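Chains, contacts and geometry: an overview
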Amino acid sequence: QVQLVESGGGLVQAGGSLRVSCAVSGRTFTHFDMGWFRQAPGKEREFVAAIRWIDDSTYYADSVKGRFTISRDNAKSTVYLQMNRVKPEDTAVYYCAGRPSYSSTNWSPRDMDYWGKGTLVTVSS
């Protein structure tokens, strides 16, 4: 059983920074591609960022490119999302997701196999 547990959400002012983390247990983390998604009230869940196991290549939604950075620590089985210059529209529940690594670079929610329960990030204006 794979478990993903997010942490680090909270309240941050617009223009500030926040880092959320996701600890993975139950499977070989190093063989997983990992991603962050978010869901704002009344909206569908959307892709934010992803990192592939095989070469640490990263992918970002246009809305966060240049502001957010995804990274992973294989020794700690943890993936991070560093959020800088946050905006009120970044307010959402942030979900960590993973899948066994393969060649696809599709990052829609349906492409992911395992999910955490989410952590709320609120950006005040």
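Below you will find a few notes about this structure. All values reported here derive from a predicted model rather than from experimental measurement. (Residues numbered from 1 in each chain as written. Predicted model: local features only at pLDDT ≥ 70, side-chain atom pairs only at ≥ 80, totals over all residues. Heavy atoms only, no water.)

**A look at unusual backbone geometry**
Although it is not a glycine, Ser77 adopts a positive phi angle of roughly 50 degrees. By the element assignment, Ser77 lies in the loop between β7 (68-73) and β8 (78-83). In this structure, Arg85 is a non-glycine residue whose phi angle is positive, near 50 degrees. Structurally, the position occupied by Arg85 is in the loop between β8 and β9 (92-100). (Helix = DSSP H or I, 4+ residues; strand = E, 2+ residues; numbered from the N terminus.)

**Structural notes on the side chain of Ser108**
Counting through the fold element by element, Ser108 comes out in the loop between β9 and β10 (114-115). With a relative accessible area of 18%, Ser108 lands in the buried category. Here Asp111 takes part through its side chain, which lies 2.7 Å from a polar atom of the side chain of Ser108. (Buried < 20%, exposed > 50% of the residue type's maximum accessible area, 1.4 Å probe, protein only. Polar contact = N/O pair within 3.5 Å; in protein donor to acceptor, adjacent residues only side chain to side chain.)

**What about the pairing of β9?**
With respect to burial, β9 is a largely interior element, seven of its nine residues being buried. Relative to strand β11 (residues 119-124), β9 runs antiparallel, the two sharing three bridges. Residue pairing across strands places Ala92 opposite Val121, the latter belonging to β11. Pairing of β9 with β10, which is carried by two bridges, proceeds in the antiparallel orientation. Along β10, the bridge assignment pairs Ala97 with Trp115. (Pairing = 2+ DSSP bridges.)

**Some thoughts on the sheet that holds strand β1 (residues 3-7)**
An order of β1-β3-β8-β7 is seen for the four strands of this open sheet, with the pairing classed as antiparallel. Edge positions in the sheet fall to β1 and β7, since each of these pairs with one other strand and no more. With direction set aside, neighbouring strand axes in the sheet form an average angle of 15 degrees. When strand β3 (residues 18-25) meets β8, the two strands line up antiparallel, connected through six bridges. Among the inter-strand pairings, Ala23 is bridged to a residue of β8, identified as Thr78. (Axes fitted to C-alpha atoms, helices over the stretch in contact; angles between N-to-C directions.)

**Description of the nonpolar core**
Core analysis: the biggest nonpolar cluster contains 35 residues, and Met34, Trp36, Val79, Leu81, Met83 and Tyr94 have the highest contact counts within it. Every element with two or more residues in this core is listed here: β3, β4 (32-39), β5 (46-51), β7, β8, β9 and β11. The element contributing the most residues to this core is β5, with five residues. (Core = buried A, V, L, I, M, F, W, Y, C linked by side-chain atoms within 4.5 Å.)

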